[in-house]
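Coordinates in review
Read off the chains here:
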Amino acid sequence: MPLIALLPGDGIGPEVVAEARRVLEALDLDLTFESAPVGGAAYEALGHPLPPSTLDLAQRADAVLFGAVGDARYDSLERAFRPEQAILGLRKALGLFANLRPAKLFAGLEDASALKPEVAGAIDLVIIRELNGDVYFGEKGQRKTADGRREGYDIMSYDEDQVRRIAHVGFQTARGRTGKLCSVDKANVLETSQLWRDVVIEVSAEYSDVQLTHMYVDNAAMQLVRNPGQFDTIVTGNLFGDILSDQASMCAGSIGMLPSASLNGTGKGMYEPIHGSAPDIAGQGKANPCATILSAAMLLRHSLNAAAAADRVEAAVTAALVAGSRTPDLGGALSTSAMGDAVVAKL
Ligand SMILES: NC(=O)C1=CN([C@@H]2O[C@H](COP(=O)(O)OP(=O)(O)OC[C@H]3O[C@@H](n4cnc5c(N)ncnc54)[C@H](O)[C@@H]3O)[C@@H](O)[C@H]2O)C=CC1
Ligand SMILES: CC(C)CC(=O)C(=O)O
Ligand SMILES: [Mg+2]
């Protein structure tokens, strides 16, 4: 019986994870669930954002369903104790180097997109974001310059093995879709990106069936709103992927719609919406649970080998949206749990 670790976290995390759990339970798949605190909730309960008991559960489980972490009230803590360190720590400890962030416009959401309907309608892409390296995991700190001024620093780096393994994920993903891979970097300025580009080109020799292009990240940000339909698979680093996926979400209607899968090549994975803990709407029943429900579908597909069940969940989300079910971010008035009800009713 597969064990799913539920790590709801902070803010809207518990609200959206509760709905995704209901959807998974409604499938009657014989899953077991175990929950543990993470982020600010874990700091309050156990004095650390990623306590050993939570990490142990994540390591024992077949898959992890994660909500979100973070709240301004922890922003003055020493960095090691801040909620966000929990998500970074889990990604590192579980070796989750490949983050898949699909962005497509669900039927009927053209009016929710920030783009013109005819532009938004073409969006169907996946961002493959490297998740274990880059500036997020480099040496960082604050120090004093020789003349006594404060200076902050974060080292950006990738080694060739890190780039190679995510490049393979990019090429393989593109191969399974329309065969177009766009590698996004900043090779005109950054040495980290130059190595990235060189290694991606080397790996491309093994994928002659995939059409590889390169784009600078600033242009990619612009092209995503100008013509998102030109992209199929994007492979990029941790920082650029983080930013571009939030942007892509709004092209597709709402940040409350985008799921993600974080994988390490073993079949085990962590699944989470791309959004954060949204303190501005937490506790008000306004959060859109679809990103987390769709993350649960990715969990079924990638970790439990249950593609038919994943298809069922995705079809139920589509059917609920087509029937007009909308949370406030999509221009509707349904509460988080009413949106969950609408999806469960369509399973
Ligand atoms: N993976 C994680 O746990 C992440 C955590 N964070 C943390 O979350 C906290 C808030 O960060 P923000 O920059 O405000 O980003 P955020 O993604 O939490 O919120 C940005 C905006 O999107 C809205 N939003 C987000 N999810 C939504 C949903 N499901 N339905 C409807 N509206 C939604 C929020 O209300 C807010 O206006 C911070 O502490 C941050 O560090 C941020 C991003 C990812
Ligand atoms: C809080 C960050 C570490 C994570 C983030 O913004 C993301 O993964 O999208
Ligand atoms: Mg982010």
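Remember, it's a predicted structure, so these values are computed and weren't measured experimentally.

1. What to know about the sheet that holds strand 9 (residues 211–216)
Strand order across the open sheet formed by 10 strands is 2-1-3-12-11-4-5-10-8-9, with mixed pairing between neighbours. Each edge of the open sheet carries a strand with a single partner, namely strand 2 (32–35) and strand 9. Neighbour-to-neighbour, the strand axes of the sheet open up by a mean angle of 25 degrees, direction not taken into account. Pairing between strand 11 (residues 261–263) and strand 12 (residues 269–271): 3 bridges, direction antiparallel. Across the sheet, the residue bridging to alanine 261 is tyrosine 271, located in strand 12. Strands in contact with helix 1 (residues 13–26) are strand 1 (3–9), strand 2 and strand 3 (63–68); relative to strand 3, the strand with the most contacts, it is inclined by about 145 degrees. Relative to strand 1, helix 3 (residues 52–60) is tilted by about 140 degrees, and along the sheet it contacts strand 1, strand 2 and strand 3.

2. Regarding the domain arrangement of the protein
Domain boundaries in the protein define domain 1 (1–104 + 259–347) and domain 2 (113–252). When each unit is reduced to the centre of its C-alpha atoms, the spacing between domain 1 and domain 2 is 23 Å. In this complex, domain 1 contributes 16 residues to the contact, which on the side of domain 2 involves 23 residues. Where domain 1 abuts domain 2, roughly 1700 Å² becomes buried across the two surfaces, and 61% of that area is made up of carbon and sulfur atoms. A per-residue breakdown of the area domain 1 buries against domain 2 is headed by Phe97, Arg101 and Ala103, which together make up 38% of the total. Where domain 1 packs against domain 2, one counts 0 salt bridges. The set of elements that each furnish at least two residues to the side of domain 1 that touches domain 2 consists of helix 4 (84–93) and strand 4 (98–104). In terms of residue count, the dominant contributor to the side of domain 1 that touches domain 2 is strand 4 (7 residues). The residue makeup of the side of domain 1 that touches domain 2, split by class, is 8 nonpolar, 3 polar and 5 charged.

Rules of the game
Residues numbered from 1 in each chain as written. Chains lettered and ligands numbered in written order. Predicted model: local features only at pLDDT ≥ 70, side-chain atom pairs only at ≥ 80, totals over all residues. Heavy atoms only, no water. Pairing = 2+ DSSP bridges. Helix = DSSP H or I, 4+ residues; strand = E, 2+ residues; numbered from the N terminus. Axes fitted to C-alpha atoms, helices over the stretch in contact; angles between N-to-C directions. Contact = heavy atoms within 4.5 Å. Domains from an automatic or database assignment. Buried area = accessible area lost by both parts, 1.4 Å probe. Salt bridge = Lys/Arg side-chain N within 4 Å of Asp/Glu carboxyl O. Nonpolar A, V, L, I, M, F, W, Y, C, P; charged D, E, K, R; others polar.

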